[in-house]
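Residue strings, one per chain:
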Amino acid sequence: MDSSSLKGIEFLVIIGAVAWFYVSQQQKLKKLKAEREAKDKTAETTATKVEAEEK
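Just so we're clear, the structure is a prediction, and the values are computed from it rather than from any experiment.

Q: Sorry, what's going on with the overall build of the protein here?
A: Regarding its fold elements, the protein presents 1 helix and 0 strands. With 55 residues in all, the protein has 2% of them scored as buried. In the structure as shown, the protein presents an accessible area of about 5,400 Å², 63% of it carried by carbon and sulfur atoms.

Given below as structure tokens:
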């Protein structure tokens, strides 16, 4: 293989690694966002119950 073929393969490997990292980080962020929203919703529901009990 000549030098340009190796550079092309190296470029594709780098692009693949960056794409994989991007996708994995997006999945982690979506998971964290869903967990945070669930936690916020639970806290909101608890606060509503406490207010209702106080009345």
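Q: How should I be thinking about the environment of D2 in this particular structure?
A: Of note, D2 is situated in the segment before α1 (3-54). The partly exposed category is assigned to D2, whose relative accessible area is 44%. Side-chain polar atoms of D2 contact the side chain of S4, separated by 3.3 Å.

Q: Just checking my understanding: could you explain a nonpolar patch on the surface for this structure?
A: Judged by side-chain polarity, M1, L6, I9 and V13 come together as a nonpolar surface patch covering roughly 440 Å² of accessible area. Along the chain, the position of L6 falls in helix α1. Judged by relative accessible area, L6 falls into the partly exposed class, the value being 47%.

The rules we used
- In every chain, residue numbers begin from 1 and rise along the written sequence.
- Selection of residues for local features in this predicted model requires a pLDDT of at least 70, selection of side-chain atom pairs for listing and counting requires 80 or more, and totals for whole chains, interfaces and linings are taken over all residues.
- The side-chain quantities take in all heavy atoms of the structure and omit both hydrogens and water.
- The helix count covers DSSP runs of H or I at least four residues long, the strand count covers runs of E at least two residues long, and both are numbered beginning at the N terminus.
- Any residue under 20% of the maximum accessible area for its type is buried, any over 50% is exposed, and the rest in between are partly exposed; the area is computed with a 1.4 Å probe on protein chains only.
- Exposure was quantified through the Shrake-Rupley algorithm and a 1.4 Å probe, taking into account, for residues, occlusion by the shown protein chains and nothing else.
- Side-chain atoms alone can form a polar contact between residues adjacent in sequence; in general such a contact is a pair of N or O atoms within 3.5 Å, and within protein one must be able to donate a hydrogen while the other accepts it.
- Patch members must show over 30% relative accessible area and no salt bridge, and they are joined within 9 Å when carrying like charges or within 5 Å when they are nonpolar side chains of Val, Leu, Ile, Met, Phe, Trp or Tyr.
- By definition, a salt bridge exists where a carboxyl oxygen of Asp or Glu is found within 4 Å of a side-chain nitrogen of Lys or Arg.

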